[in-house]
Amino acid sequence: MKIFNKLEEWIGGGLFLIIFLILVTQIFFRQVLQSPLIWSEELAKLLFVYVGMLGISVAIRKQEHVYIDFLTNLMPPTIRKIANTFVQLIVFLGVIFFIHFGIKNFLGANFPIDALGGISEKWIYASLPIISALMLIRFCQAQDDNFKQDKSFLPATFFIIVAVVLLAILFCFPDWFKVLRISQYIKFGPNAVYVALGVWLVIMFLGVPVGWSLLIATLLYFSMTRWNVVNAASDKLVMSLNSFPLLAVPFYILTGILMNTGGITTRIFNFAKALLGHYTGGMGHVNIGASLLFSGMSGSALADAGGLGQLEIKAMRDAGYDDDICGGVTAASCIIGPLVPPSIAMIIYGVIANESIAKLFVAGFVPGVIVTIALMVMNYYVAKKRGYPRTPKATMEQLCKSFKDAFWAIMTPILIIGGIFSGLFSPTESAVVAALYSVIVGKFVYKELNLKMLFESCVEAMSITGVVALMIMTVTFFGDMIAREQVAMRIADIFVAMADSQLMVLVMINALLLFLGMFIDALALQFLVLPMLIPIAMQFGIDLVFFGVMTTLNMMIGILTPPMGMALFVVARVGNMSVSTVTKGVLPFLVPIFLTLVVITIFPQIITFVPNLLLP
């Protein structure tokens, strides 16, 4: 039983390592032997589909998918229990439909994958029905745990019985299923998409994980319109993960994890302390500076907050800083990560917008530095006003020693960006190189990483990737509805009617994203809203590289604002303080970040100048 409960971790972690080895081999053959492999990319993509879905299963068991809970937290206990039961039923239906579509697509797949010796694409589509069956088991296990803790939850046996009945109807008596086709009873016509969007918003704000809410809303739309095309549209659930650029995401996540486990973050922090600690507000500057350095390796705001956060907060407390400023600086500085290359947010935007990831990486560097300087200015002002002490100035010997210790870690962003700009690596390959470099430094230079820790890091990266994978799958499915109903064009018509210039459009988009960012997680917001806003930007002639950087900074403000500010929760957890304390501390630092957003919106050349110069 113990082995079965760890099945996803063993298989997913093992497959992750295999993908790692395949891509390292690919880079070696292409760069060293000048003999590119034909099969490596296709095999890596195939295995990634399985890894992503295994990650979804892990997240279901641990109940860790992204959801919005601020409304349910305001509900009376009785109503909240009803809402929780509703949420579990929706997730259950989502898993059932995953199994249904998985089997349908598997049976209908017949094209060969030429790069893999002509094997059938059934190997790709088999991932959904097989792993969805495992998702159903994990869901029932999670419900069993919930029922043991609170008898108001439905027991796992209920879901098992219902699952058997529903699957039997779907496959043995498909005609019975026609009763669920709403279009037989009510003709919504062009209003169907608005009904689906309304239901999506309602169930999402009731606490249904964002990914599952997207799936159910899209199914409702097809039920109200053309159910006969749903199987063709569901093809996107699997093929959305079959993308080579997306492979960069799990490997940058892995790099961030390896930085934390391999002793690299400590050395980065010590170097920043020796360099900046003696100035007014020194430990705050150290916090911000370390975030800038770490951002050039992990590409993730929450990886920074969770990885460096505990170390930074302890050091600031020891230096006499108040908890609110410790938490506020840590939370605010973590948003540098998605701006400074490499950036996971930029990779996802590049995939959504079909834009050059290399250009996006370059474009984010200048605003990332501007945000860093702006945060340091505000930190100086707050520290001077509160009279925080300085730390003793490091001697030249101490500075040199800290630089020597951190040298190999500091080389990581140089290796990544240099490899991309020189054309040696694609963004995905650069992520693999960064992860490989982190393994080498952690194992052979700092000697704090072993094989067990490496495998555990792969398992953790796989689990985090699962959260992203569900969003990618369902938002692509959801996007089919948006495209069929030309929702983006309808929104564009509203913008055209209300705006008379590029600047006015950008102001409206910023206002919309700032408002939504208060309630919707940045990752969810990126997947949900950008596919509708990008066509508008194109219609108004807005540079998509600039647009990607601007919207990324905007959404990072969202992770710092309640009630859905994820960075606030992460920092509160690692710092062992209340969310309200962190929120109070972060408020002054929102001012320079917002001003930076205003400046780059008015003067987009700040962003576009460098990428246009280096990568025409």
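Here the structure is a predicted model, which is why all the values come from computation and not from measurement. (Residues numbered from 1 in each chain as written. Predicted model: local features only at pLDDT ≥ 70, side-chain atom pairs only at ≥ 80, totals over all residues. Heavy atoms only, no water.)

Caption draft 1: Representation of the overall build of the chain in the model. The helix and strand inventory of the chain stands at 28 helices and two strands. A compact globule built from 616 residues would reach a C-alpha radius of gyration of about 25 Å, and the chain, at 24 Å, matches this within 12%. Across its three principal axes, the chain shows a C-alpha extent of roughly 80 × 55 × 55 Å. Considering the chain as a whole, with its 616 residues, one finds that 57% of them fall into the buried category. A fraction of 80% describes how many contacts in the chain between residues 6 or more apart in sequence connect residues 24 or more apart. Entry remark: accessible area of the chain is about 25,100 Å², with carbon and sulfur atoms responsible for 69%. Computed over 37 positive and 32 negative side-chain charges, the inter-centroid distance for the chain is 4 Å. (Helix = DSSP H or I, 4+ residues; strand = E, 2+ residues; numbered from the N terminus. Rg over C-alpha atoms; globule rule 2.2 N^0.38 Å. Buried < 20%, exposed > 50% of the residue type's maximum accessible area, 1.4 Å probe, protein only. Contact = heavy atoms within 4.5 Å. Areas by Shrake-Rupley, 256 points an atom, 1.4 Å probe, with all protein chains shown as cover. Lys, Arg positive; Asp, Glu negative; His and termini not counted. Charge placed at Lys NZ, Arg CZ, Asp CG, Glu CD.)

Caption draft 2: Highlighting the packing of helix α25 (residues 544–558) against helix α27 (residues 579–602). α27 packs onto α25 with a crossing angle of 160 degrees between their chain directions and a minimal axis gap of 10 Å. As far as their axial angle goes, α27 and α25 are roughly antiparallel. The element α25 and its partner α27 pack so that their crossing is left-handed. Touching F546, M550, L553, N554 and I557 of α25 are L590, I593, F594, T596, L597, I600 and T601, all from α27. Each residue belonging to the contact of α25 with α27 can be placed in one class, and the counts come to nine nonpolar, three polar and no charged. (Axes fitted to C-alpha atoms, helices over the stretch in contact; angles between N-to-C directions. Parallel < 35°, antiparallel > 145°, perpendicular 65-115°, else oblique. Left-handed = near helix turned anticlockwise from the far one by under 90°. Nonpolar A, V, L, I, M, F, W, Y, C, P; charged D, E, K, R; others polar.)

Caption draft 3: Expanded view of the side chain of Q88. Positionally, Q88 belongs in helix α4 (residues 77–108). For Q88, a relative accessible area of 14% corresponds to the buried category. Residues in contact with Q88, not counting those within four places in the same chain, are Q63, F139, Q143 and F159.

Caption draft 4: Spatial organisation of helix α8 (residues 192–205). For α8, built from 14 residues, the straight-helix expectation of 20 Å at 1.5 Å per residue is met to within 8% by its first-to-last C-alpha distance of 20 Å. When we look at burial in α8, the residues that qualify are A192, V193, A196, L197, W200, I203, M204 and F205. Directly beyond the C-terminal end of α8, a positive phi value near 110 degrees is found at G207. (Expected span 1.5 Å × (residues − 1).)

Caption draft 5: Representation of the domain arrangement of the chain. Taken as a whole, the chain is organised into domain 1 (1–242) and domain 2 (246–451 + 486–614). Distance between the C-alpha centres of domain 1 and domain 2: 30 Å. A combined buried area of about 2,100 Å² lies between domain 1 and domain 2, and 81% of that area is made up of carbon and sulfur atoms. As a salt-bridge pair, R30 and E429 come within 2.3 Å of each other at their nearest N and O atoms. Put simply, domain 1 and domain 2 have two residue pairs in polar contact (both at pLDDT 80 or more) between them. Of all the secondary structure elements, the ones that give two or more residues to the side of domain 1 that touches domain 2 are α2 (7–31), α3 (40–62), α8 and α9 (210–224). A per-class count over the side of domain 1 that touches domain 2 returns 20 nonpolar, three polar and two charged. (Domains from an automatic or database assignment. Buried area = accessible area lost by both parts, 1.4 Å probe. Salt bridge = Lys/Arg side-chain N within 4 Å of Asp/Glu carboxyl O. Polar contact = N/O pair within 3.5 Å; in protein donor to acceptor, adjacent residues only side chain to side chain.)

Caption draft 6: The arrangement of the packing of aromatic side chains in detail. Considering all chains together, one arrives at 18 aromatic pairs under this definition. Both rings, one in Y221 and one in F222, keep their centres 5.2 Å apart while their planes meet at 65 degrees; by these two values the pair is edge-to-face. Exposure class is identical for Y221 and F222. Each is buried. Counting every residue linked through ring pairs, the aromatic cluster contains F97, F101, Y221, F222 and F477. (Phe/Tyr/Trp six-rings, centres within 6.5 Å; stacked < 30°, edge-to-face > 60°.)

Caption draft 7: Representation of unusual backbone geometry within the structure. Within the chain, Q34 stands out as a residue other than glycine whose phi angle is a positive 55 degrees. Summarising the element assignment, Q34 is placed in the loop between α2 and α3. The backbone phi angle of K447 is positive, close to 55 degrees, even though this residue is not glycine. Along the polypeptide, K447 turns up in the loop between α20 (427–445) and α21 (451–484). When its relative accessible area of 66% is taken as the criterion, K447 is described as exposed.

Caption draft 8: Inspection of the pattern of salt bridges at higher detail. Here the structure, examined in full by the defined rule, presents 14 salt bridges. A salt bridge links K148 to D144, with the nearest nitrogen and oxygen atoms 3.4 Å apart. Here D144 and K148 lie together in helix α6 (residues 127–149), a separation of four residues that amounts to about one turn. Ionic pairing is found between R386 and D322, a salt bridge with its closest N-O pair at 3.0 Å. Residue R386 is found in helix α18 (residues 357–386), and its partner D322 is found in the loop between α15 (309–318) and α16 (323–333); the two are separated by 64 residues along the sequence.

Caption draft 9: How the structure looks around helix α23 (residues 502–517). Here α23 is 16 residues long and its end C-alpha atoms lie 22 Å apart, about the 22 Å a rise of 1.5 Å per residue gives. Listed as buried for α23 are V505, L506, M508, I509, N510, L513, L516 and G517.

Caption draft 10: Highlighting a nonpolar patch on the surface. There is a patch of nonpolar side chains on the surface, built from L503, M504, V507, V591, F594, L595, V598, V599, I602 and F603 and spanning about 830 Å² of accessible area. Going through the elements one at a time, α23 and α27 are the ones with two or more residues in the nonpolar patch. The biggest single contributor to the nonpolar patch is α27, with six residues. Assignment of secondary structure puts I602 in helix α27. (Patch = residues over 30% accessible without salt bridge, like charges linked within 9 Å, V, L, I, M, F, W, Y side chains within 5 Å.)

Caption draft 11: The arrangement of the nonpolar core in detail. If you look at the biggest cluster of nonpolar residues, it comprises 209 residues, and the most contacted ones within it are W212, F251, L528 and F547. Looking at this core, the element that brings in the most residues is α21, giving 16 residues. Residue assignment places this core across two domains, with domain 1 (1–242) and domain 2 (246–451 + 486–614) each supplying three or more. With residues near it in sequence (within four places) discarded, L528 still touches W200, M204, V210, L214, V475 and I520. (Core = buried A, V, L, I, M, F, W, Y, C linked by side-chain atoms within 4.5 Å.)

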